[in-house]
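One letter stands for each residue in the lines below.
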Amino acid sequence: MKKRDRRTYDYYATIRQVSSGLASRFDHNSIFNFIGGVTYEAMGLDRIYLLAAAPGRGYEVVYKRGKRHKDKKTGAKRNDNKESLKIDNRSGIVKFYGKSDDIIIKNELKKGHGAEEIESIKKDLALFEGEVTVPVFVDHKLKLLMVLGGKSSGNMFTREDMDLLRTISLQTAIAVKNAGFYRERVNSERLASIGMMSATFAHEIRNPLTSLKTFAQLMPEKYNDREFRDTFSKIVVGEIEKIDGLISDLLDFSSKKKSTRMNNFDLMELVDEIVDYVKGKLDFEKSGIVIEKKYNGDEINMAGDAGKLKQAFTNIMINGCQAMYGEGTLKVHIKLKDGHADISVEDTGEGIHSEDLSKIFDPFVTTKEMGVGLGLAISKRIIEDHNGKIHVRSRLSKGTVFTVSLPVQNG
Ligand SMILES: Nc1ncnc2c1ncn2[C@@H]1O[C@H](COP(=O)(O)OP(=O)(O)O)[C@@H](O)[C@H]1O
Ligand SMILES: [Mg+2]
């Protein structure tokens, strides 16, 4: 009981603070800063240094806190900037940790060590005016070295202090290891998505370019062929529109700007127009698809960017048609209630796997050979810019319903 009263810190509270603090830190710098700070404060140190393994360059200071060194002779504050303070792989401390994984306490260095070894460890410690070093091993390699000065109170380190330092070292090792995994994962995911994006764009741009090139090459020899010239000009326009559309999608997607164009329009009329537009597209692409419309009411006043909303609904309807592979019914319903218009687009297509449902709104997610996967990401953004919501329900081989709910002025 007496011992507990003499403690300068609460051992368990410090351990709790360390574990909960480390749980939310995923990069090395933030782990080092946190661990350095907590150890310094909990133990009341006069200084602390954290040195991290720098491949090929020994160990370099990544954190320091506390009083500056004084030059023993002149009393002037020594310049201990990070560059001048490091230890290399041949230094006493690093050699020691090639054989041992325990804490070094300067004043207890006598037992079991050669005079030469002690000398070189002390030389390293002197560099930092260190009293104690705590190693952090990750996969049996010395990753981090904590060099502690004395306590500001002048008290000695206790056995309990050593226990706490060992616990901090183990916790830090786990956090550093996890941070490595996390970084690897984020990097590989980022690489994967950049890879996917470039592959998609390369593919999508090369296709129209290839057909443009083929026609352009044939041009000199077919110049007098009127039919060829007509086809050529149609193809050129069509292919250029594809590339242009792709670039607009990408720009739309990467711009953070909300759509600012506001106009008043009738949502019923707009949806009608979109349905006609989609039908026109289907005429030559798909033949066995019927589009059914069901609207209650006759007018919905809405303020917003009609062009953008058209883009969003067109994508949702075309997706539905593509999922039916040329055969099925697309139902477009508009319901007006409580200041909202619910527009649902229901298809009788292949459906979406439940585990994919949460991903389809992410950019570059596509299951289509010729898809880019930006359609739903952009549609969702447009709808949210209009303070609306988009939901999806789907059953495999039965069909999918997308419901868009938009605030409107009447209703
Ligand atoms: N109505 C639908 N039925 C089945 N799958 C759909 C439907 N709408 C979207 N999806 C799935 O979501 C993916 C992403 O759609 P989208 O973002 O528009 O990109 P893209 O059409 O270029 O593939 C599609 O590739 C498809 O797998
Ligand atoms: Mg699409």
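Please refer to the structure higher up on the page.
Residues numbered from 1 in each chain as written. Chains lettered and ligands numbered in written order. Predicted model: local features only at pLDDT ≥ 70, side-chain atom pairs only at ≥ 80, totals over all residues. Heavy atoms only, no water.

Undergrad: In this structure, what is going on with the overall build of the chain? I would like to understand it.
TA: Along the backbone of the chain there are 10 helices and 13 strands. The buried share of the chain, reckoned over its 411 residues, is 40%. A sequence separation of at least 24 residues applies to 67% of the contacts in the chain between residues at least 6 apart. Surface summary for the chain: the accessible area is close to 24,400 Å², and the carbon and sulfur share equals 51%. (Helix = DSSP H or I, 4+ residues; strand = E, 2+ residues; numbered from the N terminus. Buried < 20%, exposed > 50% of the residue type's maximum accessible area, 1.4 Å probe, protein only. Contact = heavy atoms within 4.5 Å. Areas by Shrake-Rupley, 256 points an atom, 1.4 Å probe, with all protein chains shown as cover.)

Undergrad: Sorry, what's going on with the coordination of the magnesium ion (ligand 2) here?
TA: When four donors bind a metal tetrahedrally, each ideal donor-metal-donor angle is 109.5 degrees, and when six bind octahedrally, the ideal angles are 90 or 180 degrees. Asn315 (OD1) and Asn319 (OD1) make up the full set of protein donors to the magnesium ion (ligand 2), lying at 2.4 to 2.5 Å. Note that Asn315 and Asn319 are positioned in helix α9 (residues 306-323) at a spacing of four residues, about one turn of the helix. In this structure Asn319 comes out as buried when scored by relative accessible area, which is 17%. (Donors = N, O, S within 2.8 Å, 3.2 Å for Na, K, Ca; no water.)

Undergrad: Looking at this model, I keep getting lost on unusual backbone geometry. Mind explaining?
TA: Across the chain, the bulk of peptide bonds are trans and the bulk of non-glycine residues have phi less than zero. Of note, His140 is a non-glycine position whose phi angle comes to about 65 degrees, a positive value. Since its relative accessible area comes to 80%, His140 is described here as exposed. Notably, Tyr325 is not glycine yet its phi reads approximately 45 degrees, a positive angle. If you trace the backbone, Tyr325 turns up in the loop between α9 and β10 (327-337).

Undergrad: Would you mind showing me how to read the pairing of strand β12 (residues 389-395) here?
TA: Where a strand is regular, its side chains alternate between the two sheet faces. Side-chain alternation along β12 places Ile390, Val392 and Ser394 on a buried face and Lys389, His391, Arg393 and Arg395 on a face that remains uncovered. Following β12, the chain reverses through three residues before pairing antiparallel with strand β13 (residues 399-407); Ser397 in that reversal takes a positive phi of roughly 55 degrees. (Pairing = 2+ DSSP bridges.)

Undergrad: I'm lost on helix α3 (residues 28-43) in this one. Help?
TA: Because each turn of an α-helix spans 3.6 residues, side chains separated by three or four positions in sequence point in the same direction. For α3, which comprises 16 residues, the first-to-last C-alpha distance of 22 Å matches the rise-based estimate of 22 Å (1.5 Å per residue) to within 8%. In terms of residue burial, α3 counts as a mostly covered element, since 12 of its 16 residues are buried. Positive backbone phi, approximately 60 degrees, marks Gly44, located one or two places after α3. (Expected span 1.5 Å × (residues − 1).)

Undergrad: Teacher, can you tell me more about the side chain of Arg47 here?
TA: Within the fold, Arg47 resides in strand β1 (residues 47-53). Assessed through its relative accessible area of 6%, Arg47 is described here as buried. Engagement of the side chain of Arg47 in a polar contact is seen with the side chain of Glu129, the distance being 3.2 Å. (Polar contact = N/O pair within 3.5 Å; in protein donor to acceptor, adjacent residues only side chain to side chain.)

Undergrad: When you look at the nonpolar core in this model, what are you seeing that I'm missing?
TA: What tends to happen in soluble globular proteins is that the nonpolar side chains get buried as a cluster. If you look at the biggest cluster of nonpolar residues, it comprises 45 residues, and the most contacted ones within it are Leu267, Met317 and Leu406. Looking at this core, the element that brings in the most residues is helix α8 (residues 267-285), giving eight residues. The contacts of Met317, once residues within four sequence positions are left out, are Val271, Ile274, Val275, Val278, Leu330, Val332 and Val345. Residues Ile15, Ile35, Leu165 and Ala179 belong to the second largest nonpolar core, which totals 33 residues. (Core = buried A, V, L, I, M, F, W, Y, C linked by side-chain atoms within 4.5 Å.)

Undergrad: What is the right way to look at the site of ligand 1 in this model?
TA: Taken together, 20 residues are adjacent to ligand 1, and Asp347, Thr366, Thr367, Lys368 and Leu376 come closest. Between ligand 1 and the protein, one listed contact pairs an oxygen atom with a side-chain N or O atom of Thr366 at 2.5 Å. Interatomic distance of 3.4 Å between a backbone N/O atom of Gly375 and an oxygen atom of ligand 1. With the chains in place, 93% of the 530 Å² that ligand 1 exposes on its own is no longer accessible. In terms of residue class, the shell around ligand 1 is built from eight nonpolar, 10 polar and two charged. (Near = heavy atom within 4 Å. Nonpolar A, V, L, I, M, F, W, Y, C, P; charged D, E, K, R; others polar.)

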